[in-house]
Amino acid sequence: MSTVMSEQEKETQIPEGTQSSSSSSENQEASNVVIEVDDVNFAYVKGKDVLRNISMEVNRGEVTAFIGPSGCGKSTLLRCFNRMNDLIPTAAITNGEIRILGTDIYDPNVDVIELRKHVGMVFQKYNPFPKSIYENVAYGLRIQGVAKKSVLDDTVEESLRLAGLWEEVKDRLDASGLGLSGGQQQRLCIARTIAVKPKIILMDEPCSALDPISTTTVEELITQLKDDFTIVIVTHNMQQATRVSDRTAFFYLGNLIEMDETTKIFNNPSKKETEDYISGRFG
Amino acid sequence: MHDLAKDKPVEKSLNPFSTKDFALKRRDGFIRTLLRLATYFILACAGFIFADIIIKGAPVVFESSFPFVNTKFFTESPETLVVFDTADGESHQLDFSDYSQFKRDNPDMKIIEEHTHSYSGGGILGPLVGTALLTLICIVVALFIGLTTSIYLNEYSSKGRFMDMVRLAIMNLAGVPSIVYGLFGLGLFCLVAPVIVDAPNDRALFSFPILPGKYLSFEGWGTCMMAGGFTLAVMILPVIIAACEESLKAIPMGFREASLALGATKWQTISKAVLPYAFPGMLTASILGITRVAGETAPIMFTAALAHKDVLPWEGANSLGGFFSQSVQAMPYHIYTVAARIPQSEYTKPMQYGSVFVFMILVMCFAALSIWMRIHYRKKVKW
């Protein structure tokens, strides 16, 4: 399966240039940093910070993994990047700022709708709509008002190919997305996210609801996607972090303990907590 | 010990499980019988009601010869029934219009022993049409307000004490007696609801000009089907809002998150990723609720219903506004009238039982429809 996918991948790669030429300031292009987190504190309820003084940078075209025990704030930080935390009324950043492509995303002038078009998200529990496979992938374009059949057709095919799902579903695009297997459904969700051509894809434990074989497929997909997208992935699975990521950030109790090259984090961590965690002494 | 064992019959002494406490066992049996009888009592009541209505009502509606249905019962409105004997010794039962015709055709016939029975002749077309219209207005108003309110409560409003109080207030409305709704409808919709008029009425609460020569006057809609439909809608709103909220809550949060994460606005998310999947459930529950208000008498007796009306709604109005400003006959009020407000006799019975029979079948059909819809959509919708 994997070889088939990688062959498709070569045929249909979107050149990086077309992805990023549309907007963004030139100094950001040059600096290669797409997400800057600058001394951020975050609280769900006023006065109780669950993230404290987080500073980090996420580089273009890399897979960055967030690891750490449950409740350490890694998913919370991820959901700050596309402002999904806005759904919780009292949740707010209490200090610092997050800049994506050079812009403070919590600035009043930032339209959260536009932000989310640039920063896509894949969820822990695969959640395709109870629509056809085609309509699932076309959803993002339809809400942007794209109605032209040829554009939709092309985007659906391109996105499904990128997600490595095209060969499996091309004969039944009108079938319900819920009829697919778990792994296929998650890849359909990834295709749906790709279809709106974001620059960054956030993945919140994308494999935790999948069986080992589906997990392998999705992990291979992630390593292929990093040619076109910057990916931030939250994972509970440390082996997964070593397999897919270039850089890894370790969170513990709301603090960013350490962030470095994945190989360095797992082979030669500089902090004691990191070593304890990756060697399985807690968490 | 040994001797005793030998004296007793062998099988009895060897059975360690024989009954020891007969009183306990009797009590157990008694409780069981009591519970069973209570259940049978309900069954008997329901059975008696249905059997009585079917046995006495079905012959009014159905006939033994083609077309097997008493068409007159469904194509005419209630009329006065005239029972009379003629000089030639024959006994007649005629609706008032037929009776006039009979007198014109036989001017020489001497009529003796004439009795009239109000509302007992003719059919039930007027009440059927009226109930249909009232229910239709109620559905439109209740669904619109119920849907919008439940969407706001469930999707937009922030959780908090104030919203809990709003919800509690809505739920409390469900406990208000129907006669209170009737009076409330009279006070609000019939007497103070706003209308646009050329010249405000003297009894208007207040009025102010909105356009040259036009006034918005709070003088009420009068007794009419609009007032009745709105009153019924207000009465059923708590049920509909609760049902719609349940349907919205059943939609996984994941749909909303996925849609928002793709750059959809709040409304796009609700209209494209939530409502299409919540709508069947909302509709099903609402129809069941509306079936219940269709049978209510108290809310419409002050606001919309008439015991007698010569013309059907579409015969009595020449504009759309005029159409909805008419009073109507309605099935529950008609049944109340023929059952409780006219002198009873054997001649009033067919109309009484026929009306009840038809109305019962109608309401049961609606209930069956909503149950069928629920089963149908439950099979179809999976996530």
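Q: Before we go on, may I ask you to explain the domain arrangement of chain B in this structure?
A: Frequently, the measure chosen for interface size is the accessible area removed from exposure when the parts meet. Residue and element names in this part refer to chain B. What the domain assignment reports for chain B is domain 1 (1-61), domain 2 (78-122) and domain 3 (125-380). The straight-line distance from the C-alpha centre of domain 2 to that of domain 3 is 41 Å. Taken residue by residue, the interface counts ten residues in domain 2 and twelve residues in domain 3. Summed over both sides, the interface of domain 2 with domain 3 buries roughly 920 Å², with 69% coming from carbon and sulfur. Linking domain 2 to domain 3 there are zero salt bridges. Of all the secondary structure elements, the ones that give two or more residues to the side of domain 2 that touches domain 3 are β1 (78-86) and β3 (111-122). Partitioned by chemical class, the residues of the side of domain 2 that touches domain 3 number four nonpolar, six polar and no charged.

Q: Is there a simple way to explain the sheet that holds strand β9 (residues 247-252) of chain A in this structure?
A: Two orientations exist for strands paired in a sheet by backbone hydrogen bonds: parallel and antiparallel. Residues and elements named next belong to chain A. The strand order β6-β7-β8-β3-β9-β10 describes an open sheet built from six strands, whose pairing is mixed. Single-partner strands in this sheet number two, and they are β6 (119-122) and β10 (255-261). Here the average twist between neighbouring strands, direction ignored, is 20°. Here strand β7 (residues 200-204) runs beside strand β8 (residues 230-234); their pairing, made up of five bridges, is parallel. Opposite Ile-201, over in β8, you have Ile-231 as the bridge partner. Those strands touched by helix α9 (residues 182-195) are β6 and β7, and its axis lies near 170° from that of β6. Of the strands in this sheet, β3 (63-67), β7 and β8 are in contact with helix α10 (residues 212-225), which crosses β8 at around 145°.

Q: I would appreciate a short explanation of the packing of helix α9 (residues 225-249) of chain B against helix α11 (residues 266-294) of chain B in the present structure.
A: How two helices sit against one another is set out by the angle between their axes and by the gap between those axes. Residue and element names in this part refer to chain B. Here α9 crosses α11 at 145°, and the two axes come no closer than 8 Å. As α9 runs across α11, the sense of the crossing is right-handed. Residues Leu-232, Ile-236, Val-239, Ile-240, Ala-243, Cys-244, Ser-247 and Leu-248 of α9 form the contact with α11, whose participating residues are Val-274, Leu-275, Ala-278, Gly-281, Met-282, Ala-285, Ser-286, Gly-289, Ile-290, Arg-292 and Val-293.

Q: Would you explain the interface of chain B and chain A in this entry?
A: At the interface, 19 residues of chain B touch 23 residues of chain A. Ranking the residues of chain B by area buried against chain A places Glu257(B), Ala261(B) and Leu262(B) at the top, with a combined share of 34%. At the junction of chain B and chain A, the tally comes to one salt bridge. Taken together, chain B and chain A are joined by six residue pairs in polar contact (both at pLDDT 80 or more). Looking at the side of chain B that touches chain A, the elements that each hand over two or more residues are α10 (253-261) and α11 of chain B. For the side of chain B that touches chain A, the leading source of residues is α10(B), giving seven residues. Within the side of chain B that touches chain A, the residues separate by chemical class into nine nonpolar, seven polar and three charged.

Q: Before we go on, may I ask you to explain the state of the cysteines in this structure?
A: Cysteine pairs can be covalently joined through their sulfur atoms, and such a bond is termed a disulfide. In the structure shown here, the tally under the stated rule is zero disulfides over all chains. With no disulfide of its own, Cys138(B) lies 13 Å from the sulfur of Cys244(B), the closest cysteine sulfur.

Q: What am I meant to see in the packing of helix α7 (residues 161-173) of chain B against α9(B) here?
A: Residues and elements named next belong to chain B. Between α7 and α9, the least distance of the axes is 8 Å, while the angle of their chain directions is 130°. Looking at the two axes, α7 sits oblique to α9. On α9, the residues that touch Arg-167, Ile-170, Met-171 and Leu-173 of α7 are Pro-238, Ile-241, Ala-242 and Glu-245. Class assignment for the residues of the contact of α7 with α9 results in six nonpolar, no polar and two charged.

About the criteria used
- Counting from 1, residues in each chain are numbered in the order their sequence is written.
- All chains are assigned letters beginning with A, and all ligands numbers beginning with 1, in the order in which they are written.
- The predicted origin of the model limits local features to residues at a pLDDT of at least 70 and limits the giving and counting of side-chain atom pairs to 80 or more, whereas totals for whole chains, interfaces and linings rest on all residues.
- The basis for the side-chain values is all heavy atoms of the structure; hydrogens and waters are excluded.
- These domain boundaries are the output of an automatic or database domain assignment.
- For this analysis, residues touch if any pair of their heavy atoms sits within 4.5 Å.
- Accessible surface is computed with a 1.4 Å probe, and the buried area is the amount of it that two parts give up when combined, taken over both parts together.
- We count a salt bridge whenever a side-chain nitrogen from Lys or Arg sits within 4 Å of a carboxyl oxygen from Asp or Glu.
- Put simply, DSSP H or I for four residues or longer makes a helix, DSSP E for two residues or longer makes a strand, and each gets a number counted from the N terminus.
- Classification convention: Asp, Glu, Lys, Arg as charged; Ala, Val, Leu, Ile, Met, Phe, Trp, Tyr, Cys, Pro as nonpolar; all other residues, Gly among them, as polar.
- What makes two strands pair is DSSP finding at least two bridges between them.
- Here, axes are lines fitted to C-alpha atoms. For helices the fit covers the stretch in contact, and angles between N-to-C directions go from 0 to 180 degrees.
- Helix crossings are classified by the rotation of the near helix relative to the far one: an anticlockwise turn of less than a right angle makes the crossing left-handed, while a clockwise turn makes it right-handed.
- Pairing of N or O atoms within 3.5 Å defines a polar contact, subject to two protein rules: one partner must be a possible hydrogen donor and the other a possible acceptor, and residues neighboring in sequence count only if both atoms are side-chain atoms.
- By disulfide we mean two sulfur atoms from cysteines, separated by a distance within 2.5 Å.
- Convention used here: angles under 35 degrees read as roughly parallel, angles over 145 as roughly antiparallel, angles from 65 to 115 as roughly perpendicular, and any remaining angle as oblique.

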